[in-house]
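# Observations on the three-dimensional arrangement
The lines below spell out each chain.
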Amino acid sequence: MKTSFPNLFKLFAAIVVLLTLINPASLFAQNRGTLQGKVVTQKNEPAANVSIGLSGTRIGTSTSDNGDFSFKAPAGSYTIIISYVGVQTVEVPVTVTANQATVVPTITINANLSQLTEVNVIASRSNRFARKVSTDVGKIPLDNLENAQSYTTISSELIKEQQIFSVDEALRNAPGIQKMWDATNRVADGGGYFTLRGFVTQTRLRNGIAGLVTSTIDAVNIDKIEVIKGPSATLFGSTLTSFGGLINRVTKKPYETFGLEVGESVGSYDLNRTTIDLNTPIGSKVAFRLNSAYNYEGSFQNYGKSRTYAIAPSLSIKANDKLSFLLEAEMFYGRNAAKPFFFFYDSPKALGITKVSQLNIDYKNAYSNDDITSYSRSLNYFAQANYKISDKFTSQTVFSNSNSFSNGPSPYYYLVTDARAIGIAAADGITLPDPAGEHNYIYRNDQSTSNSKFGATEIQENINGDFNTGSIRHRFVFGLDYQHQNSHQIYFGNAYGIAPINDPNYDYGSFNKALVDATNAANPLTAANTYPYIYKTNTYSTYMSDVVNLTDRLIASVGLRVDRFENKGNYLLDGTQSTKPYGQTAFSPKFGLIFQPVKDVISLFANFQNGFQNTQVFLDANNLPVTPKVQNATQIEGGVKAALFNGKLNGTISYYDINLTNIIRNVPGSNTAFVQDGTQKSKGFELEVVANPVSAVNIVAGFAYNNSKFTKADADVQGLRPNTAGSPYLANVYVSYRLPQSFVKGLGVGVGGNYASSNKIINSVSQGTFELPSYTLLNASVYLDRPKYRFGLSGNNLTDKHYYTGYTTINPQRLRQFVLSASYKL
């Protein structure tokens with residue numbers, strides 16, 4: 001990196017130093033007493049697995065299956081508050097006396113049992129953005145300090161305050177993750193692409209299981225987003241994860257009282273958004289919730305538009321004291337014009353360039369008419385049954401079915417030398433002038449999908465246990481998982497000739513729907529001109545994980561997955577088999593260790609994580625098919641997690657080292673023969689802080705550094721950073737200030753930003769190096785949030801920064817935007 005750390009990171013470092021000086025005496029408060037009590041529902045049923053804590057702290061525990069709780073806390077006065085969407089706030093003042101047990105009167109909450117794993121018992125939610133208890137990360141309810149794996153949680157409170165409307169945008173609040181591609185809306189893989197710890201990933205999980213959405217994912221039904229770091233195949237398998245980690249979205253659930261919120265947002269580029277969140281009980285044992293959104297947005301460029309609908313109903317049913325059901329659906333529909341992607345037809349070395357400023361790209365030009373649109377549809381259905389086997393064991397049975405569809409064109413553009421442009425135009429019967437200089441033309445192309453479909457079904461059974469063997473506590477999960485994928489994806493493309501890269505007199509809108517339709521009609525689909533992904537796969541898995549409290553300060557975890565993958569063969573459009581069926585078996589272990597030198601305050605953690613990916617049959621140097629081994633990644637990670645100053649400063653510092661083996665690479669000198677012996681290393685450092693230094697201020701901040709390189713590869717890329725690894729340095733910060741309630745109740749303001757260092761999207765000996773420039777973005781919001789209504793104004797990219805994302809591509813990003821929102825609540 002040629003420049004010093006950005007000002008944003010300096011600000012972040014200053015914040016951390018300031019927080020460590022606020023009240024060091026409170027870190028190691030030792031005069032403790034015990035609090036005991038019970039939490040029940042309105043129907044006097046035990047409220048199990050409720051996370052319970054004290055005023056503005058993370059000191060606490062979870063209720064047992066009988067609703068009981070008992071934990072130690074520093075002497076002092078506190079207020080226990082249960083505060084959650086749809087749950088009537090309950091406040092219980094308590095006083096902890098040193099070396100004595102205090103019995104708290106029974107706490108009654110107005111929530112159903114299916115909701116309780118998402119309820120946090122907290123005090124006034126002073127640290128409003130801290131949501132670290134998770135049931136999905138370890139498939140066991142665990143506090144962050146008890147989990148040996150690193151993860152980041154982005155809460156719905158933060159999403160709402162920043163007026164964020166999509167999961168993709170919300171991920172700017174997680175350290176170490178960077179958007180590489182906007183959603184393409186293509187079937188199966190059309191969602192946004194991100195890089196995490198040096199590897200590409202997508203948002204593929206919903207509540208811990210498959211939930212594929214092949215477009216930008218609307219956040220209307222999101223309760224929180226979990227970015228789970230590192231290889232995670234032991235619990236989540238290989239088809240939904242990457243070696244860098246995974247993104248899990250946790251959705252809103254029905255509750256037992258009536259609630260309604262209707263919202264309207266308008267903003268720059270003709271933004272128009274309408275939302276509804278409706279919840280209603282149906283009798284005494286059934287509750288229904290509907291989250292829905294309509295979203296239209298134009299573009300900062302001369303052409304571009306996106307129109308989407310999201311509908312997410314959910315129904316909870318309590319059959320009896322032991323059995324409950326949750327039924328959910330997600331329906332996403334969209335018709336969108338493609339955002340411009342610039343690929344390299346000729347290499348940067350051939351073009352004689354190394355950076356964007358050497359090109360003549362018109363930042364505000366879409367280069368095609370926005371009547372060229374594609375249609376996408378994602379339909380997800382979920383069913384979950386929870387059964388209490390005994391006081392120590394529970395059963396969870398989950399069914400997920402995802403179906404995506406896309407049809408239509410998606411223009412993109414090649415960067416070519418002027419000599420090549422003149423030659424292509426001549427072949428089309430067009431004479432181009434031989435201009436002075438270089439980089440004057442683009443080669444217009446399109447990649448379309450033709451009524452393409454992708455289906456994924458997952459059935460999962462989890463047996464959870466929470467029991468003791470002697471004095472040792474076990475929190476255990478045993479699971480069986482079946483996944484089936486059925487793909488019928490048809491890709492095809494056509495070329496649309498040469499156009500000037502920057503000519504104010506050229507009619508770029510002439511690349512339009514009429515031209516595309518006429519070209520497609522003249523080139524009917526055949527097996528020769530299509531690129532099909534037609535296949536069926538089955539994956540059968542079993543896994544287990546046990547979190548063992550060896551002492552009250554020493555926690556060990558162990559897990560193992562056995563995975564059998566079967567590919568039934570790949571086929572061409574005419575039904576010809578292109579590759580034969582094959583199968584692979586993989587084993588995925590994981591280990592973790594936590595020591596808490598100060599119980600429930602500091603955790604020293606270490607983990608060994610494993611991930612794997614199934615790979616396709618390839619031809620060796622003798623032109624013979626080879627059944628490949630799985631690609632295998634192992635991670636060693638260590639660090640510190642903390643909940644300091646009575647929970648006012650929550651943070652994670654970690655160092656990781658990931659080694660990937662069995663990469664398939666070309667045999668030297670051949671484009672058709674391959675060998676599977678490649679290796680890659682990715683290591684780095686991450687720092688995250690979620691803080692509440694004073695009562696009115698909340699801070700979310702992070703910093704990440706990643707060093708990735710090929711350690712055994714073709715000579716062309718040996719020792720170089722992969723072009724999928726993204727920027728080596730990333731930073732994020734957001735500071736929220738809510739005015740004291742005695743002034744203007746509910747009035748607040750927030751300001752934040754993101755930094756990314758330069759990104760090598762082309763990086764090889766033969767092609768040269770091409771870097772996207774570093775960028776710093778500034779965002780802000782102001783809002784008035786009252787019990788019956790909410791108003792908000794936000795500004796994104798306030799400095800109107802021209803910046804780019806991409807891997808192997810150049811993708812211009814949105815300029816300054818203002819959004820005004822209003823909602824009414826019942």
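Residues numbered from 1 in each chain as written. Predicted model: local features only at pLDDT ≥ 70, side-chain atom pairs only at ≥ 80, totals over all residues. Heavy atoms only, no water.

Looking only at helices and strands, the protein chain features 7 helices and 48 strands. Burial statistics for the protein chain: of 826 residues in total, 56% are counted as buried. By sequence separation, contacts in the protein chain at least 24 residues apart represent 69% of the contacts at least 6 residues apart. In the structure as shown, the protein chain presents an accessible area of about 32,200 Å², 57% of it carried by carbon and sulfur atoms. (Helix = DSSP H or I, 4+ residues; strand = E, 2+ residues; numbered from the N terminus. Buried < 20%, exposed > 50% of the residue type's maximum accessible area, 1.4 Å probe, protein only. Contact = heavy atoms within 4.5 Å. Areas by Shrake-Rupley, 256 points an atom, 1.4 Å probe, with all protein chains shown as cover.)

Residues Phe342, Phe344, Tyr367, Leu415, Ile442, Phe770 and Ile810 are the most contacted members of the largest nonpolar core, which totals 32 residues. Looking at this core, the elements that each hand over two or more residues are strand 23 (342–344), strand 26 (411–415), strand 28 (472–500), strand 42 (759–764), strand 43 (768–772) and strand 44 (775–785). Judged by nonpolar contacts, the second largest core, of 27 residues, contains Ile159, Ile164, Val167 and Val220. (Core = buried A, V, L, I, M, F, W, Y, C linked by side-chain atoms within 4.5 Å.)

In spatial order, the strands read 10-16-17-14-15; together these 5 strands make up an open sheet with mixed pairing. In this open sheet, the two strands that pair with only one neighbour each are strand 10 (151–155) and strand 15 (209–210). Where strand 16 (residues 222–229) lies against strand 17 (residues 245–251), 7 bridges are found, and the strand directions are antiparallel. Directly across from isoleucine 228, in strand 17, lies its bridge partner leucine 246. (Pairing = 2+ DSSP bridges.)

What follows concerns the sheet that holds strand 12 (residues 193–196). Strand order in this open sheet of 3 strands is 11-12-13, and the pairing throughout is antiparallel. With partners counted over all chains shown, the strands left at the sheet margins are strand 11 (177–181) and strand 13 (199–201), one partner each. Along the sheet, successive strands turn relative to each other by an average axial angle of 40°, direction set aside. Where strand 12 lies against strand 13, 3 bridges are found, and the strand directions are antiparallel. The residue of strand 13 that forms the bridge with threonine 195 is valine 200. (Axes fitted to C-alpha atoms, helices over the stretch in contact; angles between N-to-C directions.)

Regarding helix 6 (residues 418–427), the residues found buried are Asp418, Ala421, Ile424 and Ala425. Viewed along the axis of helix 6, the buried residues span an arc of 120°, placing them on a single side of the element. Facing away from the buried side of helix 6, by more than 90 degrees, are the exposed residues Ala419, Ala426 and Ala427. Looking at the packing, one finds that the buried side of helix 6 touches strand 27 (441–469) and strand 28. Of the residues one or two after helix 6, glycine 429 is the one with positive phi, at around 80°. (Arc of directions from axis to C-beta.)

What follows is about the environment of threonine 41. Structurally, the position occupied by threonine 41 is in strand 1 (residues 32–41). By relative accessible area, threonine 41 is classed as buried at 3%. Separated by 68 residues in sequence, threonine 41 and isoleucine 109 place their C-alpha atoms 5.0 Å apart.

A few words now on the environment of threonine 627. Among the structural elements, threonine 627 can be located in the loop between strand 35 (625–626) and strand 36 (631–644). Each C-alpha atom of the pair threonine 627 and valine 617 lies 5.1 Å from the other, and the pair is 10 residues apart in sequence. If near-sequence neighbours (up to four positions away) are discounted, threonine 627 is found in contact with Tyr582 and Gly583.

Glancing now at unusual backbone geometry. Even without a glycine there, the phi angle at aspartate 600 is positive, about 60°. Here aspartate 600 shows up in the loop between strand 32 (582–598) and strand 33 (602–613). Its identity is not glycine, yet threonine 808 carries a phi of approximately 65°, on the positive side. As for its placement among the helices and strands, threonine 808 is situated in the loop between strand 46 (804–805) and strand 47 (809–812). With a relative accessible area of 25%, threonine 808 lands in the partly exposed category.

Among the 5 residues of strand 10, 5 are classified as buried, and the element is accordingly described as predominantly covered. Burial along strand 10 is two-sided: Tyr151, Thr153 and Ser155 and Thr152 and Ile154, pointing in opposite directions, are all buried. Summarising the sheet, strand 10 and strand 16 pair through 5 bridges and their orientation is antiparallel. The partner of isoleucine 154 across the bridge, within strand 16, is isoleucine 225.

Any empty space left between the atoms is revealed when a probe the size of a water molecule rolls over them. Applying the stated criterion across every chain, the model contains 14 cavities of 30 Å³ or more. Taken as a whole, the largest cavity encloses approximately 110 Å³ of empty space. Taken together, 15 residues line the largest cavity, and the ones lying closest to its centre are Asn147, Ala148, Gln149, Ser557 and Lys590. Counting residues per element, the ones that place at least two in the lining of the largest cavity are strand 29 (530–549), strand 32 and strand 33. Tallying contributions element by element places strand 32 first for the lining of the largest cavity, with 3 residues. Class assignment for the residues of the lining of the largest cavity results in 5 nonpolar, 8 polar and 2 charged. (1 Å grid on protein atoms, 1.4 Å probe; cavity = no way out; pocket = protein on both sides within 12 Å on 5 of 7 lines; lining within 4 Å. Points joined across faces, edges and corners; volume = space filled by probe spheres on them. Nonpolar A, V, L, I, M, F, W, Y, C, P; charged D, E, K, R; others polar.)

The full count for this structure, using the stated rule, is 35 salt bridges. We note a salt bridge from arginine 289 to aspartate 277, for which the minimum N-O separation is 2.8 Å. Of this pair, arginine 289 sits in strand 20 (residues 286–297) while aspartate 277 is found in strand 19 (residues 271–282), placing the two residues 12 residues apart along the sequence. Residue arginine 289 is classed as buried on the basis of its relative accessible area of 3%. Given a relative accessible area of 13%, aspartate 277 falls into the buried group. Look at the salt bridges and you will find they share partners, linking Arg197, Lys229, Glu637 and Glu686 into a network. (Salt bridge = Lys/Arg side-chain N within 4 Å of Asp/Glu carboxyl O.)

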